[in-house]
Amino acid sequence: MLRLDLLHDEISGNKWFKLKYNLEQAQKEKKDTILTFGGAWSNHIVATAAACDLLGFKSIGIIRGEELNEDSSPSLILARGHNMQLYFVSRELYGEKEDPGFIDYLNKEFYQPYIIPEGGNNDLGIKGCKEILSFCEQEKYTHICCAVGAGATLTGLIESASMNLRLLGFSALRNADYLKNKIEKSLTGYGENISWKLITDYHFGGFAKKTPELLEFMRDFYEKNKIVLDFVYTAKMMFGINDLIKKEYFSSGSRILAIHTGGLQGNKSLTV
Ligand SMILES: *Cc1c(COP(=O)(O)O)cnc(C)c1O
């Protein structure tokens with residue numbers, strides 16, 4: 001397992017890689033404020049707030065759900081603790097987060113901040129994710145696995161993996177088959193030659209949904225390995241890998257690297 005969860009408590013896992021070149025670009029453009037979007041439990045919101053605090057940017061979070069407030073979740077409390085200004089908008093307005101009209105409005109209202117899309121999922125985010133595999137010795141493995149939300153991380157891995165590797169992405173969302181197309185379209189000539197697969201059978205009911213079986217698996221995984229997984233992403237991936245091993249999906253002699261993409265702050269929702 002590649003432990004990206006150990007990079008930093010709050011600027012966790014893959015989110016650091018997605019932020020890296022975005023924040024560098026913001027510095028180049030001499031922006032002093034970063035604006036981004038997320039839900040009440042968003043790992044990306046917490047990571048952005050913490051990274052901005054560390055690097056001296058002001059940060060603004062546009063949060064989905066007008067009924068919420070700054071104390072609605074441990075994630076929002078963490079974000080506010082890093083001086084992120086939080087604005088709560090209806091699901092309807094949040095749905096317009098990529099519309100030029102709404103972006104124009106945000107630019108005026110907040111004096112031209114540097115805007116990072118939800119999850120850090122843009123080209124600079126993918127560029128950062130192409131550096132993840134430099135933290136492991138690729139030649140030791142036959143397969144590399146990661147959890148998939150919007151797919152930027154998997155795209156970065158495909159674009160940077162050595163030729164003989166097979167990549168498996170485990171979707172944390174239901175009905176994620178459309179992502180295959182989206183990822184395919186975003187690949188450059190290099191990535192088109194890499195063998196990869198999106199596995200959509202281990203969503204456990206959908207994004208951030210969980211079952212007693214999944215929670216039992218997390219506990220058991222911790223007992224055996226002393227590694228904490230998060231129930232939204234990495235537990236579903238590890239459950240999937242385990243299940244595929246049982247079903248003899250991997251040929252004997254396969255050496256599997258699973259990427260721990262972090263996100264452990266989200267587990268606080270299990271105790272509230
Ligand atoms: C955000 C996140 C992902 C998903 O990353 P994508 O690039 O959107 O696919 C996976 N794991 C964890 C822990 C995350 O926080």
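Per chain, residues are indexed from 1 in the order of the written sequence. With pLDDT at 70 or above as the cut-off, local features in this predicted model cover only qualifying residues; side-chain atom pairs require 80 or more to be listed or tallied, and sums for whole chains, interfaces and linings still use all residues. Hydrogens and water are ignored here; the side-chain numbers use all heavy atoms of the structure.

1. Re the domain arrangement of the protein chain
What counts, and what does not: Reported domain spans reflect what an automatic or database domain assignment gives. For any pair of parts, buried area is found by adding up, for both, the accessible area (1.4 Å probe) each one loses once the two are put together. In the sections that follow, a salt bridge refers to a side-chain nitrogen of Lys or Arg positioned within 4 Å of a carboxyl oxygen of Asp or Glu. Polar contact is defined as a pair of N or O atoms within 3.5 Å, subject to the rule that within protein one atom must be able to donate a hydrogen and the other to accept it, and that residues adjacent in sequence are counted only when both atoms are side-chain atoms. Secondary structure is summarised from DSSP: a helix means a run of H or I of at least four residues, a strand means a run of E of at least two, and numbering begins at the N terminus for each. Just so you know the grouping, Ala, Val, Leu, Ile, Met, Phe, Trp, Tyr, Cys and Pro go in nonpolar, Asp, Glu, Lys and Arg go in charged, and all remaining residues, Gly too, go in polar.
Taken domain by domain, the protein chain holds domain 1 (14–119) and domain 2 (123–271). Each partner contributes to the roughly 1,400 Å² buried at the junction of domain 1 and domain 2, and carbon and sulfur atoms together form 60% of this total. Area buried by domain 1 at its contact with domain 2 is led by Asn 14, Phe 17 and Tyr 21, which between them contribute 45% of it. In this structure, Glu 131 engages Lys 20 in a salt bridge whose closest nitrogen and oxygen atoms are separated by 2.6 Å. Applying the counting rule to domain 1 against domain 2 returns 7 residue pairs in polar contact (both at pLDDT 80 or more). At the level of secondary structure, the elements contributing two or more residues to the side of domain 1 that touches domain 2 comprise helix H1 (13–28), helix H2 (43–55) and helix H3 (74–81). Considering every element that reaches the side of domain 1 that touches domain 2, the biggest residue donor is H1, with 7 residues. When its residues are assigned to classes, the side of domain 1 that touches domain 2 shows 7 nonpolar, 6 polar and 2 charged.

2. Considerations on the sheet that holds strand S3 (residues 58–64)
Counted only if it meets this: Strands pair, by our definition, only if DSSP identifies at least two bridges between them. What makes two residues a contact is simply this: any of their non-hydrogen atoms within 4.5 Å. Axis definition: a line fitted to C-alpha atoms, over the contacting stretch in the case of helices. Angles run 0 to 180 degrees between N-to-C directions.
Sheet architecture is open: 4 strands sit in the order S4-S3-S2-S5, paired in parallel fashion. Each edge of the open sheet carries a strand with a single partner, namely strand S4 (84–89) and strand S5 (114–115). Bridging between strand S2 (residues 33–38) and S5 involves 2 bridges; their strand directions are parallel. From the neighbouring strand, Leu 35 faces S5, where its bridge partner is Ile 115. Most of the contacts of H2 go to S2, to which it runs at about 165°, and overall it touches S2, S3 and S4.

3. Some remarks on the environment of Lys 97
Here Lys 97 lies in the loop between helix H4 (91–94) and helix H5 (100–109). When the C-alpha atoms of Lys 97 and Glu 118 are compared, they prove to be 8.4 Å apart, with 21 residues separating the residues in sequence. The contacts of Lys 97, once residues within four sequence positions are left out, are Phe 37, Phe 102, Ile 103 and Glu 118.

4. Quick notes on the sheet that holds strand S8 (residues 195–199)
An order of S1-S9-S6-S7-S8 is seen for the 5 strands of this open sheet, with the pairing classed as parallel. Strand pairing shows two members of the sheet lacking a second neighbour, strand S1 (2–3) and S8, which therefore form its edges. Pairing of strand S6 (residues 143–148) with strand S7 (residues 166–171) involves 6 bridges; the strand directions are parallel. Note on S7: the bridge partner recorded for Ile 144 is Leu 167.

5. So, the site of the ligand
Inclusion rule: Only heavy atoms are used to decide nearness, and a residue is near a molecule or strand if one of them lies within 4 Å of it. Residue-level accessible areas treat just the shown protein chains as cover; the underlying method is Shrake-Rupley with a 1.4 Å probe.
Surveying the vicinity of the ligand reveals 16 residues, the closest of which are Lys 15, Lys 18, Gly 149, Thr 153 and Thr 261. In this structure, Thr 261 approaches the ligand through a side-chain N or O atom, which is 2.7 Å from a nitrogen atom. If the ligand stood free it would expose 390 Å²; the protein chains cover 97% of that surface. Mapped by element, the contributors of at least two residues to the shell around the ligand are H1, S6 and helix H7 (152–158).

6. Quick word on helix H10 (residues 234–246)
The α-helix advances 3.6 residues per turn, and as a result positions three or four apart in sequence lie on the same side. Note the following rule: A helix is expected to span 1.5 Å multiplied by its residue count minus one. For every residue, the accessible area obtained with a 1.4 Å probe (protein chains only) is divided by the maximum for its type, and the residue is called buried under 20%, exposed over 50%, and partly exposed between those limits.
Taking 1.5 Å per residue as the helical rise, H10 with its 13 residues ought to reach 18 Å, and the 18 Å between its terminal C-alpha atoms agrees with that figure. Buried residues dominate H10, accounting for 10 of its 13 residues. The complete set of buried residues in H10 reads Thr 234, Ala 235, Lys 236, Met 237, Met 238, Phe 239, Gly 240, Ile 241, Asp 243 and Leu 244. Following H10 by one or two positions, Glu 248 adopts a phi angle in the positive range, close to 60°.

7. What about the pairing of S3?
Basically, it comes down to this: Handedness is read with the strands pointing away from the viewer; a crossover is right-handed when the path from the first strand over the helix to the second is clockwise.
Burial analysis of S3 places 5 of its 7 residues in the buried class, the great majority of the element. One ladder, built from 6 bridges, connects S2 with S3; its direction is parallel. Across the sheet, the residue bridging to Ile 34 is Ser 59, located in S3. Read as a crossover between parallel neighbours, the route from S2 over H2 to S3 is right-handed. Relative to S4, S3 runs parallel, the two being bridged by 6 bridges. Within the sheet, the bridge partner assigned to Ser 59 lies in S4 and is Met 84. Once the chain exits S3 it traverses H3 before rejoining the sheet at S4, and the crossover so formed is right-handed.

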